[in-house]
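# A closer look at the structure
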Amino acid sequence: MELSAIPGVGAKTADALAELDDPEAALRAGDVATLSRAPGVSEGRAARIARAAIRTEHDDPGGFLATDRAREVYRAMLDELKARTVTDYGAKRMETFYPSAAQSRIEEVRTFAERAMDRTVSEAVLDALAGVEPLTDPRDVSVRDRCLATTNGETYATAREAIPELPVEVVDDARGLADLARGYSTVIALDETFAGVEVDGDVRVEPNALSNPVEVVPERALAFFATNRDRIRAAIAVHRATDLDAPCDLDALEDALSGLTGDGGIAGDAEVDRLATALDDLDAAVGMAENVANDRLREAIEERDVTIEGADLLSLVERGAGVDSLLSRELADEYADAVDAARDHLVESLDLDTGEAEVARRAFGDEPTYPVDHDESVVSRLREDLTAAKERRETRLKRELADELADRRGDAEALVGAALELDVALAVARFADDYDCTLPTFADEGVAIEGGRSLLLDVPHDEADPVDYGIEGVALLSGVNSGGKTSTLDLVASVVVLAQMGLPVPAESVRLQRFSSLHYHAKTQGTLDAGAFESTVREFADVADGGADSLVLVDELESITEPGASAKIIAGILEALDENGASAVFVSHLAGEIRETANFEVTVDGIEAVGLVDGELVVNRSPVKDHLARSTPELIVEKLAGESEATFYDRLLEKFE
Ligand SMILES: Nc1ncnc2c1ncn2[C@@H]1O[C@H](COP(=O)(O)OP(=O)(O)OP(=O)(O)O)[C@@H](O)[C@H]1O
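Reading guide: rules and limits
- Residues numbered from 1 in each chain as written.
- Predicted model: local features only at pLDDT ≥ 70, side-chain atom pairs only at ≥ 80, totals over all residues.
- Helix = DSSP H or I, 4+ residues; strand = E, 2+ residues; numbered from the N terminus.
- Rg over C-alpha atoms; globule rule 2.2 N^0.38 Å.
- Buried ≥ 20, exposed ≤ 12 C-beta atoms within 10 Å, placed from the backbone.
- Contact = placed C-beta atoms within 7 Å.
- Axes fitted to C-alpha atoms, helices over the stretch in contact; angles between N-to-C directions.
- Parallel < 35°, antiparallel > 145°, perpendicular 65-115°, else oblique.
- Left-handed = near helix turned anticlockwise from the far one by under 90°.
- Nonpolar A, V, L, I, M, F, W, Y, C, P; charged D, E, K, R; others polar.
- Pairing = 2+ DSSP bridges.
- pLDDT = per-residue confidence, 0-100.
- Near = placed C-beta within 6 Å.
- UniProt positions renumbered as here; feature names shortened; annotations may be inferred.
- Core = buried A, V, L, I, M, F, W, Y, C linked by C-beta atoms within 7 Å.
- Domains from an automatic or database assignment.

## Considerations on the overall build of the protein
- Regarding its fold elements, the protein presents 27 helices and 14 strands.
- Computed over its C-alpha atoms, the radius of gyration of the protein comes to 42 Å, more than 25% above the 26 Å expected for a compact globule of 657 residues.
- The C-alpha extent of the protein, read off along each of the three principal axes, is 145 × 65 × 50 Å.
- The burial tally for the protein puts 41% of its 657 residues in the buried class.
- In the protein, the share of contacts with a sequence separation of at least 24, taken over all contacts with a separation of at least 6, comes to 71%.

## Side note on the packing of helix H12 (residues 218-227) against helix H20 (residues 376-405)
- Packing of H12 against H20 leaves a shortest axis separation of 9 Å and a crossing angle of 60 degrees. Between H12 and H20, the angle is such that the two are oblique. H12 and H20 meet at a crossing whose hand is left-handed. Between H12 and H20, the residues in contact are Pro218, Glu219, Ala221, Leu222 and Phe225 and Lys398, Arg399, Leu401, Ala402 and Leu405, respectively.
- Counted by class, the contact of H12 with H20 contains 7 nonpolar, no polar and 3 charged residues.

## Focus: the sheet that holds strand E7 (residues 467-471)
- The 4 strands are arranged E5-E9-E6-E7 in an open sheet whose pairing can be described as mixed. On the outer flanks of this sheet lie strand E5 (441-442) and E7, each paired with one strand and no other.
- The sheet contact formed by strand E6 (residues 447-452) and strand E9 (residues 509-512) spans 4 bridges and is antiparallel. Across the sheet, Ile449 pairs through a bridge with Val510, a residue of E9.
- Where helix H22 (residues 485-501) meets the sheet, its contacts fall on E6, E7 and E9, and the angle it forms with E6 comes to roughly 110 degrees.

## Concerning the sheet that holds strand E4 (residues 202-205)
- With respect to topology, 4 strands assemble into an open sheet ordered E2-E1-E3-E4, the strand pairing being parallel. Both edges of this open sheet fall to strand E2 (168-170) and E4, since each of them pairs with a single strand only. Going from strand to strand, the sheet's axes swing by 30 degrees on average, the running direction of each strand aside.
- Summarising the sheet, strand E1 (residues 146-150) and strand E3 (residues 186-189) pair through 4 bridges and their orientation is parallel.

## What about the confidence of the model for the protein?
- For the protein, per-residue confidence averages 89 on the pLDDT scale, and 97% of positions sit at 70 or higher.
- We note a pTM of 0.81 for the whole complex and an ipTM of 0.98 for its interfaces.

## Re the site of the ligand
- Surveying the vicinity of the ligand reveals 15 residues, the closest of which are Asp465, Gly484, Lys485, Thr486 and Ser487.
- The leading source of residues in the shell around the ligand is H22, at 3 residues.
- Here the residues of the shell around the ligand sort into 4 nonpolar, 7 polar and 4 charged.

## Quick word on the UniProt feature "binding site: ATP" (unreviewed entry) in the protein
- Annotation from UniProt places "binding site: ATP" (unreviewed entry) at Gly479, Val480, Asn481, Ser482, Gly483, Gly484, Lys485 and Thr486.
- Looking at where Val480 falls in the secondary structure, it is placed in the loop between strand E8 (474-479) and H22.
- Owing to 23 C-beta atoms within 10 Å, Val480 belongs among the buried residues under this scheme.
- Other than its neighbours up to four places away in sequence, Val480 contacts Ile607, Ala609, Leu617, Val619, Ala629, Ser631, Thr632 and Leu635.
- Structurally, the position occupied by Lys485 is in helix H22.
- Not counting residues within four places of it along the chain, the set of residues in contact with Lys485 comprises Leu477, Gly479, Val587 and Ile607.

## Examining the nonpolar core
- Within the largest apolar cluster, 131 residues are counted, with the highest numbers of intra-cluster contacts made by Val428, Val492, Val496 and Leu518.
- Considering every element that reaches this core, the biggest residue donor is helix H21 (residues 409-434), with 14 residues.
- Of the residues that make up this core, three or more belong to each of domain 1 (1-56) and domain 4 (441-626).
- Residues contacting Val496, with those up to four places away along its chain left out, are Val447, Leu512, Phe515, Leu518 and Leu551.

## What to know about the packing of helix H15 (residues 270-303) against helix H18 (residues 332-349)
- Packing of H15 against H18 leaves a shortest axis separation of 8 Å and a crossing angle of 155 degrees. Comparing the axis directions of H15 and H18 gives the class roughly antiparallel. Two packed elements cross with a definite hand, and for H15 against H18 that hand is right-handed. Note on element contacts: H18 touches H15 through Glu334, Tyr335, Asp337, Ala338, Val339, Ala341, Ala342, His345, Leu346 and Ser349, opposite Asp281, Ala285, Val286, Met288, Ala289, Glu290, Val292, Ala293, Arg296, Leu297 and Ala300.
- Among the residues forming the contact of H15 with H18, the class breakdown is 14 nonpolar, 2 polar and 5 charged.

## Structural notes on the environment of Glu421
- Mapped onto the elements, Glu421 comes out in helix H21.
- Through-space distance from the C-alpha of Glu421 to that of Thr87 is 10.0 Å; in sequence the pair is 334 residues apart.

## Focus: the environment of Ile266
- When you line up the elements, Ile266 lands in the loop between helix H14 (250-258) and H15.
- Judged by the 22 C-beta atoms lying within 10 Å of it, Ile266 is buried.
- Setting aside residues no more than four positions away along its own chain, Ile266 makes contact with Gly259, Val272, Glu394, Leu397 and Lys398.

## Quick look at unusual backbone geometry
- Here Ser482, not a glycine, exhibits a phi torsion of approximately 60 degrees, which is positive.
- By secondary structure assignment, the location of Ser482 is in the loop between E8 and H22.
- For Ser482, a count of 13 C-beta atoms within 10 Å puts it in the partly exposed group.

Dropping the structure here:
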């Protein structure tokens, strides 16, 4: 799909979209989340672009929602659907559903909706969905425990380019490598000439390293999985909680992911954990070991009577010797015991292996001092050894993990994509279930609703009276005040909007034609001034000239001007609509007058009050076809006439006949 061929996508937006990895796929999938990652494209705009792309694909001229009220009804339906998505993505994706006049688009969504309505929604899957988000690109990886080394300027430049994640160092000779080995856990020498050199530390000569970056920086392959670990896990949980087919072995993928921390480190490896804990606890353990030794020594000294000959004491004092000499002379064994205890404590509390223990024991020298003190340089060496061992093991494990995960990116994308799409499907399923919806049938002419309950009512859905109503050609809808005329128009509008979105409708059954546009005019508040009146009449000129396939719903247009003139104008509009073959319902309290003025037989449907109970009207909410309903005042006068002997009420009643 040519990006700039999409209506509303100018060169600038096309350029912005082109920066995405696969803008065409995102457009085809209606993936609003991805589209809104293009620079300068907001989510609202992304949804509009996705809708425009769908329209282009289906040759859909658009413009189905022709009036503000029609758009409001669409928004309200969309909000109901969005409220049932779990993920942000789902809510945004829902925005790509719109009422269309194009059969292929309606069919496309109906196929999706049909499958969605067959799905079972469970708490487990909704919980799992809460953790699913679109996958994101990892931040730039930077590795500091390894470096590449070369003597060659050209190799240096190539290395910087090929493996930007690692520092690249220039050295003159093997001594340079040895220096680097002191600062890095691993040095990878890129020059063949280094083959065979003996240097302390982890120095590897790998002239082919640049052609195998995953070996050198497994972090590159792992970063995607680390950044998206929780989302992928949530998508795995979604697949487990439903019957979605998984593109891969979920246990194997989950196992591999459990080896990763969220920031790309190694998780769940006992040896790495041991080394990390030893490093964390090193300083505290050294301090504790000193305490152990000093406590022992103090106890030993306190328990001992030291006998020293006067000559010896003099000689010691003359030499300016301190108590240390006394310790070595008199308490050598106790000192050795105390230091041993310190060494054992250090080795045991840090759970050191033999090699590490050998270094650790040297932290406490044999030369007696009081208090017992550690050798900081040995502790530093131990810290370096532990760090290097940890980093080397991590790198090895990362390499293994990278090998395992490198080919799984597509699977992860498919898993998350399917989970996100499922959210949209389940929202449709819940919508259909919550409002007892059915898929409508498309047929030849008009609309026929049975057992419809409008979602726009101000009463709870299960308390709404089901309404049957059909529209064929042009009709007036009359009826008692608060009988449900506006609600009937709302019901028709929302049923038609949902049906042409390709979605299920809140009714027992609906049959309708595929309309080209919906013109729904809400009740005008009060009489309009001359200018506003003129523009309303102009608006209706457009509607009346509209195609035969339009559906026109108008609520009490008479209030725009004085009743006599209103009836004439409405009659004229109805004539034009009738001639054009449009479908229309005009709610009016002037149905009788309009019918008399119009030059054709206007059908007048009526919402009837079946009576008055305790001063309250009891209404049959389903309009009766071809029946001018009695008005509320007529009903009241009729009631009074029935209850009283007075002829006054009969006189009033006669006026209604
Ligand atoms: N199908 C229904 N089920 C239950 N309650 C309904 C139904 N239709 C309408 N109502 C109730 O009746 C009220 C009035 O409905 P609505 O505004 O549609 O009447 P109306 O005939 O357009 O009134 P008006 O003549 O004053 O314009 C609604 O607010 C709602 O509470």
